[in-house]
Structures are given as C-alpha cells and as structure tokens.
Amino acid sequence: MVDLEDEPLGYLLYRVATALRAEVATSVLASFDLAFPEYLCLRLLSRSPGRSNAQLARDSGVSPQAMNKVIRELQDRGLITRPATVPSGRSLPATLTREATAILERIDPEILEAERHVLADLSDRERRELRRLLAAVG
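Residues numbered from 1 in each chain as written. Predicted model: local features only at pLDDT ≥ 70, side-chain atom pairs only at ≥ 80, totals over all residues. Heavy atoms only, no water.

Asks: Mind showing me how you'd approach the pattern of salt bridges here?
Replies: For side chains bearing opposite charge, pairing can occur when the charged atoms are close. Per the stated rule, a full pass over the model turns up 7 salt bridges. Measuring nitrogen to oxygen at the nearest pair gives 3.2 Å for the salt bridge that ties glutamate 113 to arginine 116. With glutamate 113 and arginine 116 both in helix H5 (residues 98–118) and 3 residues apart, the pair spans about one turn of that helix. The class for glutamate 113 is partly exposed, based on a relative accessible area of 46%. Of the residues examined, arginine 116 reaches a relative accessible area of 38% and is grouped as partly exposed. When the shortest N-O distance is used, the salt bridge between glutamate 129 and arginine 132 registers 2.8 Å. Of this pair, glutamate 129 and arginine 132 both sit in helix H6 (residues 124–137), 3 residues apart, roughly one helical turn. (Salt bridge = Lys/Arg side-chain N within 4 Å of Asp/Glu carboxyl O. Helix = DSSP H or I, 4+ residues; strand = E, 2+ residues; numbered from the N terminus. Buried < 20%, exposed > 50% of the residue type's maximum accessible area, 1.4 Å probe, protein only.)

Right, here's the structure in full:
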C-alpha cells in the first residue's frame, strides 16, 4: 500500500479539490442556482475586475469556448456586465454587478462551512496552516 505522503502533490491537491468542489456544488451553489465554473468566474472577477474571456479561461483552466458559455450565462442572469464595444482590440472586459457581489457575500460563509466539513479531520490550527502554505506556493 502506498503511503499518501509519498503521493505526488498534484494528485493530493486534485483529491482535495475534487472533494471540496463536490461539497460546495451540492451544499452551497445549488441553492444559488450556480454551477461551479460560474462561481469560479465570479470569484475571479471579484479579485480581478475587468478580466477578458481569454484571461478568465486561462485562470480557471478551461477553454475560451467553455468560458464564453459561462460568461454569457452570467451576463444573461445579470451577474456580470461587458461593454458592447471597446476602443481598441476585441477583448471585452467583464465586471461584476451589484447582484453578483451580494451573492458572493452571502455565499462566502457557506463556502467556509463546506471547507470546514471537507477538512474536518484537521484542527483549526492545521486548517490555518494549510491555507498559509497554499497561499505561499500559489
């Protein structure tokens, strides 16, 4: 049997991310009628307003076509806005609406609770240390 401490870091991160994504999707996002890619897009825009479709796709690890679908859905729901045209280039910067910001504020405590559930085997100190370490390398 392989000791998990000897497993590649990418594999371990994948396992944690998959568990967290499943928990968040079923216990939190469904009640806001958001899919995980939509939540991720909103979260990215909350940190970096004005990102283009291509930038958001790179940041979330999906194709530009997939991100375009996410952006259109969020735009149709009134959660993000993009200008019809830009002075130069083709990139249309996306920004959150007030409604999207309010949704994120309501979601955050529930996301943290889902995280606590996934990381229940860790103490509060260990959870804080995990966050610190991930922030340091990410």
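Asks: Explanation requested: the packing of helix H3 (residues 53–60) against helix H4 (residues 64–76) in the structure shown.
Replies: Helix-helix packing is characterised by the crossing angle of the two axes and by the distance between the axes. Contact geometry of H3 with H4 gives a least axis separation of 9 Å together with a crossing angle of 110°. The angle between H3 and H4 places the two elements in the roughly perpendicular class. Considering how the two elements wind past one another, H3 and H4 form a crossing that is right-handed. Listed contacts from H4 to Asn53, Leu56, Ala57 and Ser60 of H3 are Pro64, Met67, Asn68 and Ile71. Broken down by class, the residue content of the contact of H3 with H4 amounts to 5 nonpolar, 3 polar and no charged. (Axes fitted to C-alpha atoms, helices over the stretch in contact; angles between N-to-C directions. Parallel < 35°, antiparallel > 145°, perpendicular 65-115°, else oblique. Left-handed = near helix turned anticlockwise from the far one by under 90°. Contact = heavy atoms within 4.5 Å. Nonpolar A, V, L, I, M, F, W, Y, C, P; charged D, E, K, R; others polar.)

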